[in-house]
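This is what each chain is made of:
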Amino acid sequence: MPAPDPLRPANPGPEPARPARPARPVERFAARTAGMTASEIRALFAVASRPEVVSLAGGMPNLAALPLDSLAAEVADLVAREGQVALQYASAQGVPALREQICEVMALEGIRADPNDVVVTVGSQMALDLVTRIFCDPGDVVLAEGPSYVGALGSFAAYQAQVVHVAMDEHGLVPGLLREALRALAARGVTPTFLSTIPNFHNPAGVTLAVSRRREILDMCAEQGVGVVEDNPYGLLGFTGQTYPALRSMEPDVIYLGSFSKIFASGLRVGWALVPPAVRDRLVLAAESATLCPPTFTQLLVSRYLAAHDWRSQVKTFTEAYRERRDAMIAALEAYLPTGFTWNIPDGGFYVWVTVPEGVDTKAMLPRAVTARVAYASGTGFYADGFGSRQLRLSYCYPTPERITEGVRRLAGVLEAELDVVRTFGSGPRPQLRRGPQAPSPDTT
Ligand code: PMP
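Described below are features of the structure shown in this document.

Conventions and cut-offs
Residues numbered from 1 in each chain as written. Predicted model: local features only at pLDDT ≥ 70, side-chain atom pairs only at ≥ 80, totals over all residues. Heavy atoms only, no water. Near = heavy atom within 4 Å. Polar contact = N/O pair within 3.5 Å; in protein donor to acceptor, adjacent residues only side chain to side chain. Areas by Shrake-Rupley, 256 points an atom, 1.4 Å probe, with all protein chains shown as cover. Helix = DSSP H or I, 4+ residues; strand = E, 2+ residues; numbered from the N terminus. Nonpolar A, V, L, I, M, F, W, Y, C, P; charged D, E, K, R; others polar. Phe/Tyr/Trp six-rings, centres within 6.5 Å; stacked < 30°, edge-to-face > 60°. Buried < 20%, exposed > 50% of the residue type's maximum accessible area, 1.4 Å probe, protein only. Axes fitted to C-alpha atoms, helices over the stretch in contact; angles between N-to-C directions. Parallel < 35°, antiparallel > 145°, perpendicular 65-115°, else oblique. Left-handed = near helix turned anticlockwise from the far one by under 90°. Contact = heavy atoms within 4.5 Å. Core = buried A, V, L, I, M, F, W, Y, C linked by side-chain atoms within 4.5 Å. Pairing = 2+ DSSP bridges.

### Quick look at the site of the ligand
Then step 1. Inspection of the region around the ligand gives 14 residues, with Asp-231, Tyr-234, Ser-259, Ser-261 and Lys-262 positioned closest.
Then step 2. A distance of 2.7 Å is found between an oxygen atom of the ligand and a backbone nitrogen or oxygen belonging to Ser-124.
Then step 3. Taking Tyr-234, its side chain carries an N or O atom lying 2.6 Å from an oxygen atom of the ligand.
Then step 4. Relative to its free-state accessible area of 400 Å², the ligand is covered by the protein chains to the extent of 97%.
Then step 5. At three residues, helix α4 (residues 123-135) tops the list of elements feeding residues into the shell around the ligand.
Then step 6. Residues belonging to the shell around the ligand are distributed by class as follows: four nonpolar, seven polar and three charged.

In C-alpha cells, the structure reads:
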C-alpha cells in the first residue's frame with residue numbers, strides 16, 4: 001500500500017453555517033453534524049441487497065450455522081424464569097455475570113482483566129463512539145491505519161476529530177511510518193489523542209499486525225503520550241484457530257474493544273470496552289447518558305449462551321465456514337481477474353483488499369458493477385480523505401461459495417471493461433460509456 005502523506009488534512013472542521021435568512025429551528029443543526037455523512041457502504045445496502053445482486057460489499061456475519069432451536073428455547077426460558085430481571089433496567093456498566101464471562105473470553109488472547117474494568121456497550125461501535133466522545137475535542141488528531149474501519153471514521157468525524165492515516169503493509173501497521181507521522185506531528189506541536197488500531201484480521205485490509213511489531217508500536221505511543229485503542233472484533237476468527245497476544249495483554253493502559261457480533265450474533269448488539277480504572281467512571285457516565293444501560297435482555301441471553309452452550313465449537317464452525325468462503329474467493333480472483341491486480345490472502349476474518357491498476361477508479365466504477373449485478377465496497381469509504389480510489393474491499397463472509405465465485409466472475413467482467421476504457425482513453429477523465437444507477441455515496445459493518 002502506498003504511504004500517504006502523514007499530514008494530509010482529513011476531516012477538515014466544518015465551516016460555520018452562514019444562512020442568508022434565519023434557519024428554521026429544525027434546520028439549526030450543531031456544527032458537529034456537518035461531519036456526519038452517509039457511509040458509502042450503507043447507502044449501497046439498498047441496491048446490493050436485491051436478490052439478483054451478489055453482494056461482496058457488506059460485512060454481515062454468517063449466522064446460518066447458529067443453533068436457532070436451542071436459542072429459541074433459551075429465550076423462552078429466560079423470559080419465563082428471569083423475565084422480571086431480563087425485561088428491567090440494570091447497571092449502566094453492564095450485568096456483572098456477563099462482565100466476568102467477558103474476562104474469560106479475553107483471556108483467550110492473553111488478557112488478564114478485572115470485571116470491574118469492563119463496560120458493556122451496544123456493540124463495540126458504541127464503545128468506539130463513547131471513547132471518542134470522552135477523549136476528543138474538536139480538531140484533535142486521531143491516528144488510524146489507512147485504510148480504517150468505516151464506523152470508526154464515522155465516530156471520529158462526528159466528534160470533529162482530525163484523522164491522520166498511517167499506512168499498512170502485509171504485516172499490518174508499519175512502525176517506521178508511525179514514527180514518521182508522530183515526528184511530523186510533533187514538529188507542529190501536535191500530540192495525537194490516540195492511535196486507533198485493528199490488529200487482527202483487519203477491516204478492511206484483511207491483514208494482521210505482526211506480533212514482532214506490537215511491542216514497538218506500544219512503546220512508541222507511550223513515549224509520545226499517545227493513547228492506544230485496540231479494536232478487536234475478529235481476533236477469535238483465525239482460520240486455523242490461531243490467536244495473537246492482544247495489545248492490551250502487553251500494556252494495561254490500552255483501551256480494548258471487543259464484541260459478540262462476530263463470535264455469536266451481531267443483532268444482539270452486545271460489545272464491550274475494557275478500560276483502565278482511571279477511564280472507567282467517565283466512560284460509564286458517557287454510556288449512561290447515551291442509553292441509561294445496555295439492554296438487560298440481550299446481555300442475559302449472551303451470558304446464558306456462554307454458560308450453557310459450547311460457544312468455542314460454535315466459533316470453530318463459523319471460522320470453518322469463513323475459511324471455505326475465503327478459499328472460494330481467492331480461487332475465483334486467481335481464475336478470473338486479469339493481470340495487474342493484487343490482493344491479500346487473509347488467514348482470518350471477513351475481508352480481501354484488492355488494489356486495481358492505475359486508471360481504474362473503484363468509486364466511479366461501482367454503479368457499473370451494480371448494473372452487472374455485483375457489489376463491493378469502494379476503497380474511498382475507508383479513508384477520511386478520499387484516498388482509496390484504486391482499492392476495493394470484498395467481503396466473503398455472507399454469500400455461499402457458489403455465489404462468491406459468480407460474484408467475482410461478474411466483477412472481473414466489469415474490471416475488464418474498465419481496463420479496456422483505460423487502454424483506449426488513458427487514465428484521465430473519460431467519456432460516459434454506460435449509464436447505471438447513480439454512484440451510491442459506503443455499510444457500517
Ligand atoms: N470494529 C470493527 C473493525 C468492525 O468491523 C465492526 C463491525 N463490523 C465494529 C467495530 C463494530 O461491531 P459491533 O458494533 O457489531 O460490535
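### Some points on the packing of aromatic side chains
Then step 1. If you walk through the whole model with that rule in mind, you get eleven aromatic pairs.
Then step 2. A ring pair is formed by Trp-353 and Phe-382, whose centres lie 5.8 Å apart and whose planes are at 85°; its orientation type is edge-to-face. Separated by 29 residues along the polypeptide, Trp-353 in strand β11 (residues 351-355) and Phe-382 in the loop between β13 (377-378) and β14 (391-395) bring together distant segments of the chain.
Then step 3. Residue Trp-353 is classed as buried on the basis of its relative accessible area of 3%.
Then step 4. Aromatic rings pair up to connect Tyr-234, Tyr-322, Phe-350 and Tyr-351 into one cluster.

### Details of the packing of helix α12 (residues 311-336) against helix α14 (residues 401-425)
Then step 1. Between α12 and α14, the shortest axis-to-axis distance is 9 Å and the interhelical angle comes to 25°. Considering their axes alone, α12 and α14 lie roughly parallel with respect to each other. α12 and α14 meet at a crossing whose hand is right-handed. In this structure, α12 uses Glu-324, Arg-325, Ala-328, Met-329, Ala-332, Leu-333 and Tyr-336 to contact α14, whose residues at the interface are Pro-401, Ile-404, Thr-405, Val-408, Arg-409 and Ala-412.
Then step 2. Of the residues assigned to the contact of α12 with α14, the class counts are nine nonpolar, one polar and three charged.

### Comments concerning the side chain of Arg-304
Then step 1. Note that Arg-304 resides in helix α11 (residues 296-308).
Then step 2. Separated by 3.1 Å, the side chains of Arg-304 and Glu-82 make a polar contact.
Then step 3. Each residue touching Arg-304, except ones within four places of it in the same chain, is listed here: Glu-74, Asp-77, Leu-78, Arg-81, Glu-82 and His-309.

### Details of the nonpolar core
Then step 1. Leu-98, Met-106, Phe-260, Phe-264, Met-329 and Leu-394 are the most contacted members of the largest nonpolar core, which totals 76 residues.
Then step 2. Excluding residues within four positions of it along the chain, Met-329 makes contact with Leu-56, Val-352, Leu-394, Ser-395, Tyr-396, Ile-404 and Val-408.

### Some details on the sheet that holds strand β10 (residues 342-343)
Then step 1. The four strands are arranged β10-β11-β14-β13 in an open sheet whose pairing can be described as antiparallel. The open sheet terminates on both sides in strands that have one partner only, identified here as β10 and β13.
Then step 2. The pairing of β10 with β11 spans two bridges and is classified as antiparallel. Bridge pairing in β11 links Thr-342 to Thr-355.

### Looking at the pairing of β14
Then step 1. The element β14 is extensively covered by neighbouring structure, given that five of its five residues are classed as buried.
Then step 2. Side chains of β14 alternate between two faces, with Gln-391, Arg-393 and Ser-395 and Leu-392 and Leu-394 buried alike.
Then step 3. In terms of strand pairing, β11 meets β14 through five bridges, oriented antiparallel. For Trp-353, the partnering residue across the bridge sits in β14 and is Arg-393.

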